[in-house]
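Now for the letters of each chain:
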Amino acid sequence: PMQRTLAVIKPDAMEEHKEGILEEIQATGFTVAQLKETVLSKEMAEEFYKEHRGKPFFEQLVEFMCRGPCTMLVLTKENAVEEWRAMMGPTDPEQAKVTSPNSLRARFASSILHNSVHGASNEQHAEEKIGFIFGEICTDAESNSD
Ligand code: CMP
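Procedures and definitions
Residues numbered from 1 in each chain as written. Predicted model: local features only at pLDDT ≥ 70, side-chain atom pairs only at ≥ 80, totals over all residues. UniProt positions renumbered as here; feature names shortened; annotations may be inferred. Buried ≥ 20, exposed ≤ 12 C-beta atoms within 10 Å, placed from the backbone. Helix = DSSP H or I, 4+ residues; strand = E, 2+ residues; numbered from the N terminus. Contact = placed C-beta atoms within 7 Å. Pairing = 2+ DSSP bridges. Axes fitted to C-alpha atoms, helices over the stretch in contact; angles between N-to-C directions. Core = buried A, V, L, I, M, F, W, Y, C linked by C-beta atoms within 7 Å. Near = placed C-beta within 6 Å. Nonpolar A, V, L, I, M, F, W, Y, C, P; charged D, E, K, R; others polar. Arc of directions from axis to C-beta.

Undergrad: In this structure, what is going on with the UniProt feature "binding site: ATP" (unreviewed entry) in the protein chain? I would like to understand it.
TA: Per the UniProt record, "binding site: ATP" (unreviewed entry) is annotated on Lys10, Phe57, Arg85, Thr91, Arg105 and Asn115. With 23 C-beta atoms counted inside 10 Å, the residue Lys10 sits in the buried group. Relative to the elements of secondary structure, Arg105 occurs in helix α6 (residues 104–108). On the basis of neighbour count, Arg105 is assigned to the buried category, with 24 C-beta atoms found within 10 Å. Those residues in contact with Arg105 that sit more than four places away from it in its chain are Met88, Gly89, Pro90, Pro93, Ala96, Asn115, Ser116 and Val117.

What follows is the structure, encoded as structure tokens:
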């Protein structure tokens, strides 16, 4: 199915890899439906990653995500959620280097925390995070059918 997902270029990748990542996104057949560069506040980063609240790395994650600008993207493609996750590779770049050496994280990430990119984990999260970052109403007919 045609899908959209939320993708983030994180602060560690913004200076050196933003342009290259954007080019690869387009070359892989994604359409960039929306794009904005923003510095997250602490409150926004905590809300964005609320699913990870309580984990041992949560404070570090929030601090890292606020340390400079991020690029926020809405990407559209067939199976966009999975396709973007495949393009990112596994969360941990050491694992990514083994299993997905061409992935963005294998090439650009420096640690499991500073891992260059983020992607929504499923369609529901994608719509929720798009709404949160871009301030839209969810318009997906299927997810509203109850
Ligand atoms: P992301 O895919 O954005 O989802 C949650 C983020 O938390 C993850 O990428 C990493 O930036 C970070 N993260 C996940 N696991 C760990 C960990 N074990 N140690 C430090 N940071 C982590």
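Having seen the model, we can carry on.
Undergrad: Is there a simple way to think about the environment of Leu35 in this case?
TA: By the element assignment, Leu35 lies in strand β2 (residues 31–38). Given 15 C-beta atoms within 10 Å, Leu35 falls into the partly exposed group. A sequence separation of 28 residues divides Leu35 from Ala7, and the C-alpha atoms of the two residues are 9.5 Å apart. If near-sequence neighbours (up to four positions away) are discounted, Leu35 is found in contact with Thr71 and Leu73.

Undergrad: Honestly, the sheet that holds strand β4 (residues 117–119) in this entry has me stumped. Any pointers?
TA: Within a sheet, neighbouring strands are paired by backbone hydrogen bonds and run either parallel or antiparallel to one another. Spatially, β2-β3-β1-β4 is the arrangement adopted by the four strands of the open sheet, whose pairing is antiparallel. Each of the sheet's edge strands pairs with one partner strand only, and the pair in question is β2 and β4. Here the strands of the sheet are splayed against their neighbours by 20 degrees on average, with no regard to which way each runs. Bridge analysis of strand β1 (residues 2–9) against β4 gives three bridges, and the strand direction is antiparallel. Across the sheet, residue Ile9 finds its bridge partner in β4, namely Val117. Its contacts with the sheet place helix α7 (residues 123–134) against β1, β2 and β3 (70–78), and it is angled at close to 55 degrees to β1.

Undergrad: I keep staring at the nonpolar core and nothing clicks. Help me out?
TA: Soluble globular proteins tend to pack their nonpolar side chains together in the buried interior. Grouped together as the largest cluster of nonpolar side chains are 31 residues, with contacts concentrated most on Leu6, Ala7, Val8, Leu75, Trp84 and Val117. Contributions of two or more residues to this core are made by β1, α1 (11–27), α2 (42–48), α3 (58–65), β3, α4 (80–88), α6 and α7. Dropping the residues within four chain positions of it, Trp84 is found in contact with Thr5, Ala7, Leu75 and Gly119.

Undergrad: What is the right way to read the environment of Ala120 from this model?
TA: By secondary structure assignment, the location of Ala120 is in the loop between β4 and α7. In this structure Ala120 comes out as buried when scored by C-beta crowding, with 23 C-beta atoms within 10 Å. With 38 residues separating them along the chain, Ala120 and Glu82 place their C-alpha atoms 9.1 Å apart. Residues within four places of Ala120 in sequence aside, it is in contact with Thr5, Leu6, Val81, His125, Ala126 and Lys129.

Undergrad: Whenever I open this one, the site of the ligand confuses me. Can you help?
TA: Taken together, His52, Phe57, Leu61, Thr91, Ile112, Leu113, Asn115 and His118 are the residues near the ligand. When its residues are assigned to classes, the shell around the ligand shows four nonpolar, four polar and no charged.

Undergrad: What exactly am I supposed to notice about α4 here?
TA: Spacing of three or four residues puts side chains on the same side of an α-helix, whose turn is 3.6 residues. Taken together, the buried positions of α4 are occupied by Ala80, Val81, Trp84, Met87 and Met88. Buried residues in α4, looked at end-on, bunch into an arc of 135 degrees, giving them a common side. Structurally, α4 contributes buried residues whose contacts are with β1, β3, α6, β4 and α7. In the stretch just after α4, Gly89 is the one whose phi turns positive, near 85 degrees.

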